[in-house]
Amino acid sequence: MTTPPDPAIAVDHLTKRYGDLLAVNDISFHVRTGEVFAFLGPNGAGKSTTVEIIETIRTPTSGTVRVLGVDVRARKHDIVPRIGVLPQGFSSFDRITVRETIQYYARIFRRRNIDVDGLIQLANLKDKRNEQFKNLSGGLKQRLGIAIALVNDPEVVFLDEPTTGLDPRARREVWDVLLSLKKNGKTVFLTTHYMEEAELLADTVAIISKGEIIARGSPGELIESNANYLTLTLKIIGEAASEIIRRMGFAPASDDHQNITVKVEHTDDIQKILNALQGAGASPLSLDVRKPNLEAVFLKLTGEALREGSVEGVPE
Amino acid sequence: MSGRVIGANLVVSITSFSREKSAMFFTLAFPIILILVFGTIFLNQDNVSFDLSVQDLDQTNSSAQLVKTLELNGKFKISAVDPAANPTQYAKDKKVNLVVVIPRGYERAFARRLGLVGGIPTPAFRDPNASVTVTYIYDPSASSTSTKIQLIRSGVELVNQGMSGQPPFIRAAETSTLTKKYRFIEFFVPGIIAMSIMTSSLSGAVNVNAELRQKGVIRKLSSTPITRTDWILSNILYQFILALVSTTAILVVSYAVFGVRLHTNAWLFVFIVLEVFAFGGLGMILTRVANEAESATAAANFIMFPMMFLSGSFFPLEMMPGFLQTIARGLPLYYVNEGLRASMVFADNTAALRASAMIGVFATVVFVLGIKTTRWEEGK
């Protein structure tokens, strides 16, 4: 029998208070080595506070955080060289170029023989390597931030909302970089506002709400256990269809475009509804069956949608 | 503390500085412009001369002699006013702040007073009550008017005293307390050096700490091996390098353009170091007290500008009212000015030591407080 490897990150009974405000309330979770761990939560839920404590930027009120087996509070200087951090709203020195910025962080991490061009290539910044930071677009700045987070070849990479505020194209470019990290076996701790990002990239998702972790598992497991239904959407002319479906014990919802949406638990139910409609001479013009996504899980568990553009109101 | 990290920070700071034109201007060009402007204005302060308009209504040899006397060995450049002109209107039209009017009958009254008959002194004809009135038409709002009238009065006194035929009772002898004669520019240069270091250190510390914190750069740096000590030391070292560069530029221009004679010795280095620590520390405290970068910059300006004018950087403290002089003696920049002048102008080591002790105590207290108040990790 083999013992499981130590987790890359182990958070135990972590609590953080700002005066009377309880930002993080006794949370515990582990992140496995080599996995992409997505940390989701509405604004003000405590996710940035949590990630900044793990990154050693903030100090906890109580509890322990171990990264790569090292207590981050007691031995910050041992762990910092082994992690890479892209903080929320990453920024750098305005008048320093992309190349110079990477070289600067390399010197800070005492990395003499770093492959600066390789990192520039990885972040797809080759054309911008001599551009000053202030002249970069939001997407380019984030990609530079990721390159800097990798400058010390870290074992664990923290990416705090790496795609917030980016347009869809820039977001996909950042995803490409993240996928290459995943491919290279890095442990990635990701906080994000985007459910599709978490679904696409994450092996494990944890949802935090009001300072507490309310769900944890793979995206598939979370959907399976929290949103075990199918959504059937029918386009039907006439008003009788809704009544027929309601009489079968379902709860249909109609919109102004003659679409009827019904949540069903089994695929058999779909067939039953279609047969009933056909029997009543109300065959649908089109139909669409969808599995619920992570967003539906999130909505169900937290009661609110994730919003972009606002940052957690954490006092300093 | 890591030399490599401090070196990396210095490279970034100096590169950023070299690419930022406004910072270059305010650190290097601005003090040089001040030196050039004020140095030129006060270049010939000892040989200053004023313009004086004189209306001679008598138009005689004696009145011409009086006009000549009023030149006061070059203190005045005389402009003659047409005797037919209205002198008050003339002063208004020509924007002249002083017109001296010599009345008609000047020569006749002069001859009666001295008892001159056909130019020959005749005591029997001397009239001790004979006199003339010279009129001053002046603009009281002009700053130089009172100085000019003072000078003319001293000239008139000389004439009156000469006509009395008696030698003066009180004679004056002048001895300077300084071993040699100094020019205004030589007093001005140390003040500009002190002002320039104060502005670059204080605003530099505020910009670096407040702006970078607000932008989130400090948050990123706090997740790297840089320590708070590395960060503060590299910033202080950077401010010290800037102070050396700006002081060198000021001195080179002062020597090259105005040929100043100043002592540049170890005291200059001491005062630069102490001033950088003092105002760098003050900047760190301001950054902590102010919530945002804009407030910190405003607070820095609020401290810097009054201090510049009150602490004797531009003009002597003696020109200010007593209560302002008392305030000035409580300002750190005053002691830097005093110390730099003591060492650079008078070569007075005792006075320099006294000033360095004062600014040294201030620098130590402020810098220690600055270190203690500078945040590195978030939300302690």
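Residues numbered from 1 in each chain as written. Chains lettered and ligands numbered in written order. Predicted model: local features only at pLDDT ≥ 70, side-chain atom pairs only at ≥ 80, totals over all residues.

Attention now goes to the overall build of chain A. Each helix and strand in chain A was counted, giving eleven helices and 14 strands. Dimensions of chain A along its principal axes, counting C-alpha atoms only, are 75 × 50 × 45 Å. Residues classed as buried in chain A amount to 40% of the 316 residues present. Excluding contacts between residues fewer than 6 apart, the proportion of contacts in chain A whose partners are at least 24 apart in sequence is 70%. (Helix = DSSP H or I, 4+ residues; strand = E, 2+ residues; numbered from the N terminus. Buried ≥ 20, exposed ≤ 12 C-beta atoms within 10 Å, placed from the backbone. Contact = placed C-beta atoms within 7 Å.)

Residue and element names in this part refer to chain B. One can find R288 in helix α10 (residues 266–289). In this structure R288 comes out as partly exposed when scored by C-beta crowding, with 18 C-beta atoms within 10 Å. Each C-alpha atom, one on R288 and one on E157, is 64 Å from the other, the two residues being 131 residues apart in sequence.

Picture the strands of a sheet paired through backbone hydrogen bonds; they go either parallel or antiparallel. Residues and elements named next belong to chain B. The strand order β2-β1-β3-β6 describes an open sheet built from four strands, whose pairing is mixed. Of all the strands in the sheet, the pair left with one neighbour each is β2 (76–81) and β6 (135–138). With direction set aside, neighbouring strand axes in the sheet form an average angle of 30°. Sheet topology note: the strand β1 (residues 50–56)/β2 ladder contains six bridges and is parallel. Bridging across to β2, F50 finds its partner in F76. Taken strand by strand, helix α6 (residues 145–163) contacts β1, β3 (98–102) and β6, and its axis lies near 30° from that of β3. (Pairing = 2+ DSSP bridges. Axes fitted to C-alpha atoms, helices over the stretch in contact; angles between N-to-C directions.)

Each partner contributes residues to the interface: chain B has 22 residues there, and chain A has 27 residues. When contributions to the side of chain B that touches chain A are tallied by element, the ones reaching two or more residues are α1 (3–19) and α8 (217–221) of chain B. Top element by residues in the side of chain B that touches chain A is α1 of chain B. It accounts for seven residues. Each residue belonging to the side of chain B that touches chain A can be placed in one class, and the counts come to six nonpolar, seven polar and nine charged. (Nonpolar A, V, L, I, M, F, W, Y, C, P; charged D, E, K, R; others polar.)

All names here are of chain B. One way to put it is that helix α7 (residues 184–215) packs onto helix α9 (residues 228–258) with a least axis distance of 10 Å and a crossing angle of 155°. As summarised for this structure, α7 and α9 are arranged roughly antiparallel, according to the angle between their axes. The element α7 and its partner α9 pack so that their crossing is right-handed. Residues I185, V189, I192, I193, S196, I197, S200, S201, G204, A205 and V208 of α7 touch α9, and the partners they reach there are N235, Q239, L242, A243, S246, T247, I250, S254 and F258. Here the residues of the contact of α7 with α9 sort into eleven nonpolar, nine polar and no charged. (Parallel < 35°, antiparallel > 145°, perpendicular 65-115°, else oblique. Left-handed = near helix turned anticlockwise from the far one by under 90°.)

Owing to its 3.6 residues per turn, the α-helix aligns residues three or four sequence positions apart on the same side. Here helix α14 (residues 349–373) of chain B spans 35 Å end to end across 25 residues, near enough to the 36 Å set by a 1.5 Å rise per residue. When α14 of chain B is considered as a whole, its buried residues turn out to be A352, A355, S356, I359, F362, A363, V366, F367 and G370 of chain B. (Expected span 1.5 Å × (residues − 1).)

Once that is clear, we can look at the nonpolar core. Counting 138 residues, the largest nonpolar core has A38, I54, A147, F158, F189 and L190 of chain A as its most contacted members. Excluding its chain neighbours within four sequence positions, the residues that come into contact with A147 of chain A are I102, L119, I120, L122, A123 and L125 of chain A. (Core = buried A, V, L, I, M, F, W, Y, C linked by C-beta atoms within 7 Å.)

Right, let's talk about the confidence of the model for chain A for a bit. Residues at a pLDDT of 70 or more form 93% of chain A, whose mean pLDDT is 84. Note that pLDDT drops below 50 for residues 307–316 of chain A; the model gives that stretch 16 contacts with residues more than four away or on any other chain. (pLDDT = per-residue confidence, 0-100.)

All names here are of chain A. The four strands are arranged β12-β13-β11-β14 in an open sheet whose pairing can be described as antiparallel. Strands at the two margins of the open sheet, each flanked by one partner only, are β12 (253–254) and β14 (286–290). As paired strands, strand β11 (residues 230–235) and strand β13 (residues 259–264) are joined by six bridges and run antiparallel to one another. Bridging from a neighbouring strand, T231 pairs with K263 of β13.

Segmenting chain A into domains produces domain 1 (9–218 + 298–302) and domain 2 (228–291). On a C-alpha basis, the centroid separation for the pair domain 1 of chain A and domain 2 of chain A is 44 Å. (Domains from an automatic or database assignment.)

This part takes up the domain arrangement of chain B. Annotation of chain B at the domain level lists domain 1 (3–42 + 183–373) and domain 2 (48–163). Computed from C-alpha coordinates alone, the two centres of domain 1 of chain B and domain 2 of chain B are separated by 52 Å.

A few words on the packing of helix α2 (residues 21–41) of chain B against α9 of chain B. Helix-helix packing is characterised by the crossing angle of the two axes and by the distance between the axes. Residue and element names in this part refer to chain B. Remark: α2 packs on α9, axes separated minimally by 9 Å, with the N-to-C direction vectors making an angle of 25°. In terms of their interaxial angle, α2 and α9 are classed as roughly parallel. Where α2 crosses over α9, the two elements pack in a sense that is right-handed. Residue-level contacts link T27, L28, P31, I32, I35, L36 and G39 of α2 to L242, V245, S246, A249, I250, V253, S254, V257 and F258 of α9. In terms of residue class, the contact of α2 with α9 is made up of twelve nonpolar, four polar and no charged.

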